[in-house]
Amino acid sequence: MKPCKIFVPCGAVGPGIDPVSFRCGVELHPDIISADAGSTDSGPFYLGTGNCKYARASVKADMRLILKAADELHIPVTIGSAGTCGTDRSVDELADIVYEIAQEEGIDVKVARIYTEQNPLEMKARYEKGDIFALNGAPDISAETFEECSHIVGLAGIEPFEEAFQKGANVILCGRSTDTAVIAAYPIMNGCHEALSWHAAKTAECGALCTTNPMDGGVFLTIDEESFTVQSTSVSGSCTAYSIFAHLLYENANPLKLTEPGVVIDTSSSVYEELPGGIVRVTGTTLTHTAPTMKLEGSGKCGF
């Protein structure tokens, strides 16, 4: 099996991609460019209003770099959590940007839109049936919680990305997805080690945050049947065993286990090996398949 090479140029689409480090990633000849476009890091305002955190021109500038590189290399693109918050409107707004760039640059695109917004009233009914419960450590919820939400989104796993690939899409724009699913879908679909693909995706989800210079550049993953490697695409950053392991502490309740839709990734047996050139190789990660669950995020007005 040929290793799968994934370029993650940024932690979010919109704040601005450094063109020098981006070019370094492109010259490593990835098989796909994947990036998240948002999360709840910025607070509930963007989900509650359905607005993007970043200016449209900034998002377009980042997407232009990504789409031109993908066209140059003849590779696909996956973007998750469109428009910061991942509402259906955000997916459509990002799709409009993609089509604008495609027309301006003469690029052929077949765009798939994955919508993940949920109907609050249907979610209330499911809660009353016992299908929805509060996350551990989160505030209690009630039927009224769903009525208070302007928008509710479900965090997609890898399955809708896989379906979009199978239908021939070369640019996949997802509403809210898990930060890892947008990266893990392609290598898993192509036969790479499943647990290591998830682990690699978790490591690279925020771009350079897993490197020694978290404010510059992106990261490049190479995944095969028994390991993955990760390296910085910035000349001012590198990866160490510490920086890669430490990212399991980021936005994660358990530093050794990661829960995703239908799987729990276990890194307690993982081995982190530092290679020349600031590259880290990881082996030994395992996973357990579980009953599928989906995290919901909701936000609504609470005053003026």
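The structure presented is a predicted model; accordingly, all values stated were derived computationally and were not measured. Going along each chain's sequence as written, the residues are numbered from 1 onward. The model is predicted, so local features are restricted to residues of pLDDT at least 70 and side-chain atom pairs to those at 80 or more, both for listing and for counting; the totals for chains, interfaces and linings are taken over all residues. Note that water and hydrogens are dropped before the side-chain values are worked out from all heavy atoms of the structure.

Which parts of the structure should I look at to understand the overall build of the chain?
Here a strand is any run of E in DSSP of at least two residues, a helix any run of H or I of at least four, and the numbering for each starts at the N terminus. A count of helices and strands for the chain gives 10 helices and 15 strands. Using C-alpha atoms as the atom set, the radius of gyration is obtained and then compared with a globule rule of 2.2 Å times the number of residues to the power 0.38. Compactness check: the chain gives a C-alpha radius of gyration of 19 Å against a globular reference of 19 Å for 304 residues, within 12% of the reference. For the C-alpha atoms alone, the extent of the chain along its principal axes is close to 55 × 50 × 35 Å. For the chain, the proportion of its 304 residues judged to be buried stands at 52%. Across the chain, contacts joining residues at least 24 apart in sequence account for 72% of those joining residues at least 6 apart. On the chain, roughly 13,600 Å² of surface is accessible, and the fraction owed to carbon and sulfur atoms is 52%. Between the averaged position of the 21 positive side-chain charges in the chain and that of its 40 negative side-chain charges there is a distance of 4 Å. Using a 1.4 Å probe on the protein chains alone, a residue whose accessible area is under 20% of its type maximum counts as buried, one over 50% counts as exposed, and one in between counts as partly exposed. Contact definition: two residues touch when any of their heavy atoms are within 4.5 Å. Note on areas: Shrake-Rupley with a 1.4 Å probe; residue coverage comes only from the protein chains shown. We count Lys and Arg on the positive side and Asp and Glu on the negative side, and we leave His and both chain ends out. To locate a charge, take NZ of a lysine, CZ of an arginine, CG of an aspartate or CD of a glutamate.

What am I meant to see in the state of the cysteines here?
By definition, a disulfide links the sulfur atoms of two cysteine residues through a covalent bond. When two cysteine sulfur atoms lie within 2.5 Å, the pair is treated as a disulfide. Evaluated as defined, the whole model comprises 0 disulfides. In this model cysteine 24 remains outside any disulfide bridge; the closest cysteine sulfur is found in cysteine 239, 14 Å from its own. No disulfide involves cysteine 302; its nearest neighbouring cysteine sulfur is the one of cysteine 149, lying 11 Å away.

It is not clear to me how the pairing of strand 15 (residues 296–299) should be interpreted in this structure. Could you clarify?
Burial along strand 15 is one-sided: Glu297 and Ser299 are buried, and none of Leu296 and Gly298, which face the opposite way, are. When DSSP finds two or more bridges between two strands, those strands count as paired. Both strand 6 (residues 151–154) and strand 15 contribute to a ladder of 4 bridges, which runs antiparallel. Its bridge partner being in strand 15, glycine 154 is matched across the sheet by leucine 296.

Just checking my understanding: could you explain the pattern of salt bridges for this structure?
When charged atoms on two side chains of opposite charge get close, those side chains can pair. Only one rule defines a salt bridge in this text: a Lys or Arg side-chain nitrogen within 4 Å of an Asp or Glu carboxyl oxygen. Per the stated rule, a full pass over the model turns up 20 salt bridges. In this structure, lysine 2 and aspartate 31 form a salt bridge, with 4.0 Å as the shortest nitrogen-oxygen distance. Here lysine 2, found in the segment before strand 1 (4–8), pairs with aspartate 31, found in the loop between helix 1 (19–26) and strand 2 (32–36); they are 29 residues apart in sequence, far enough to count as distant. Judged by relative accessible area, which is 62%, lysine 2 ranks as exposed. Under the relative-accessibility criterion, aspartate 31 is labelled buried at 15%. Connected via shared salt-bridge partners are Arg56, Lys60, Arg64, Glu100, Glu104 and Glu105.

So what exactly am I meant to see when it comes to the layout of surface pockets here?
Over the atoms, a rolling probe the size of a water molecule traces out where space has been left empty. Site definitions follow a grid-based scheme: protein atoms alone, a 1 Å grid, a 1.4 Å probe that fits but cannot get out for cavities, and for pockets an open set with protein on both sides within 12 Å along at least five of seven lines, plus lining residues having an atom within 4 Å of a point. Grid points are joined across faces, edges and corners, and a volume is the space filled by probe spheres set on the points. If you add up the space inside the second largest pocket, you get close to 600 Å³. What lines the second largest pocket is a set of 27 residues, among which Cys10, Gly11, Ala12, Pro15 and Cys206 lie closest to the centre. Taken together, the residues of the lining of the second largest pocket break down into 11 nonpolar, 8 polar and 8 charged. Here the nonpolar group is Ala, Val, Leu, Ile, Met, Phe, Trp, Tyr, Cys and Pro; Asp, Glu, Lys and Arg are the charged ones; every other residue, Gly included, is treated as polar.

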